[in-house]
Every structure is written in C-alpha cells, then in structure tokens.
Amino acid sequence: AGLFGTYALVSRRVRGALLYGIIGTTILATVVNEIKDEKVFPNGAATWPDKVVDAPNFGLVGEFSLHFISALGFWSAVAVVVSVLLSDFFDTAGTVLGLGRRAGLVSADGRLPGMRRVLLVDSLAAAAGGAGSASSNTTFIESSAGIGEGGRTGLASVVTGLLFLCCLF
C-alpha cells in the first residue's frame, strides 16, 4: 500500500511525494499493528511510543574493539579493511557524481568541484560513526530526492541534520 501510494504521488509529480509516502506508510503500519494487538510487527516497530521525549542512551558510544584482527589474522584483517574502504570509496564517489549531475554541478569534462572535500567528510563521518558505535555514516543516494525537490545549496542538509539531532530525544 505504501509503495503504490508513493508511486501514485510521484507519478502525479506531487512535491514532497516521497516524504508523504513515508509518513502515510508509517501511520498505516502503526494503525494496522495496533488493531492486530501488535502481532504484525512484534519487535516494537510500528507502535505508538511510550514517551514523546526521552533522554538519549549513549551507552554504546566508544564500545568498539579491534579483536577481529586476532580472530582473522593480520593479512585477512587487512584484506577486509581494504575491501570495505574501497567499497565505501567507490560507493561515495559514484553517489556524489550522480547527485552532482542531477544538481547540475558537474563540469563539462565530468569533474565535480570540491570532490576531495566530499570524500574527506564522508571518510571522517564513517570513522566517527564507527567510533560512536553507530551504523555506517556515508553519502546516500536518497539525497537525490532532496535535489529533485529543489535542494541545491546545502541548507536542506543542514535542516535534515538538525531534525535528526532532534530525533535523538
């Protein structure tokens, strides 16, 4: 229902169609789960929150280890790290170039001004996410939705970041 509803909004070129689709699908899933006594999504997803605001739990921050080196052996661990590094690098480079083209920021010779800074920020975010025991922080292709809706200056990213900061609570 969520995919079809979102597709209908996108095909009619409704501004904010993806956001409306996400919100509508979330509300629908929560209502259905409540009607079925939380048996559709028993793991706590799609339920009404117990509290609207709560203190964030930072218990996992810094809880990481490098024990995989001893478990895998040095050279196998190096191979794993290099493969993840290359995967993240090419994923980010491809995503950023695709987003740059969509935003009209790529030059005629196929170069994106400031690409080094983008890759530096992405790598620092990935390292900080790991150190903070969070899921991977990287450049996501979903940014194309913001670009499609007119976000070009970076203000949309700042607003998104501030809204995610609010979601901590």
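Predicted, not measured: the structure shown is a model, and the values here were computed from it. (Residues numbered from 1 in each chain as written. Predicted model: local features only at pLDDT ≥ 70, side-chain atom pairs only at ≥ 80, totals over all residues. Heavy atoms only, no water.)

1. So, the pattern of salt bridges
Consideration 1: The tally for this structure, following the rule as stated, stands at two salt bridges.
Consideration 2: The salt bridge involving D54 is made with K51; its shortest N-O contact spans 3.9 Å.
Consideration 3: The exposure class assigned to D54 is partly exposed, which follows from its relative accessible area of 40%.
Consideration 4: Taking the relative accessible area as the measure of exposure, K51 reaches 54% and is therefore exposed.
Consideration 5: In this structure, R111 and D109 form a salt bridge, with 3.6 Å as the shortest nitrogen-oxygen distance.
Consideration 6: Residue classification places D109 among the exposed residues on the basis of a relative accessible area of 56%. (Salt bridge = Lys/Arg side-chain N within 4 Å of Asp/Glu carboxyl O. Buried < 20%, exposed > 50% of the residue type's maximum accessible area, 1.4 Å probe, protein only.)

2. Some points on a nonpolar patch on the surface
Consideration 1: A surface patch of nonpolar side chains, about 1,200 Å² in accessible area, is lined by V52, V53, F58, V61, L155, V158, V159, L162, L163, L165, L168 and F169.
Consideration 2: Here L163 shows up in helix α7 (residues 155-167).
Consideration 3: We classify L163 as exposed; its relative accessible area is 52%. (Patch = residues over 30% accessible without salt bridge, like charges linked within 9 Å, V, L, I, M, F, W, Y side chains within 5 Å. Areas by Shrake-Rupley, 256 points an atom, 1.4 Å probe, with all protein chains shown as cover. Helix = DSSP H or I, 4+ residues; strand = E, 2+ residues; numbered from the N terminus.)

3. Remarks on the packing of helix α4 (residues 74-103) against helix α5 (residues 115-131)
Consideration 1: Axis separation between α4 and α5 bottoms out at 11 Å; the angle between their running directions is 135 degrees. By the angle class used here, α4 and α5 are oblique. Seen along the crossing, α4 lies across α5 with a hand that is right-handed. Only M115, V118, L119, D122 and A126 of α5 make contact with α4, whose side of the interface consists of D88, F89, T92, A93, V96 and L97.
Consideration 2: Here the residues of the contact of α4 with α5 are counted per class, giving eight nonpolar, one polar and two charged. (Axes fitted to C-alpha atoms, helices over the stretch in contact; angles between N-to-C directions. Parallel < 35°, antiparallel > 145°, perpendicular 65-115°, else oblique. Left-handed = near helix turned anticlockwise from the far one by under 90°. Contact = heavy atoms within 4.5 Å. Nonpolar A, V, L, I, M, F, W, Y, C, P; charged D, E, K, R; others polar.)

4. Here we look at the side chain of D122
Consideration 1: Here D122 is to be found in helix α5.
Consideration 2: R117 provides the closest opposite charge to the buried, salt-bridge-free D122, at an N-O distance of 14 Å.
Consideration 3: If we ignore the near neighbours within four places in the chain, the residues touching D122 are D88, T92, N137, T138 and T139. (Lys, Arg positive; Asp, Glu negative; His and termini not counted.)

All quantities given are derived from atomic positions and should not be read as evidence of function.
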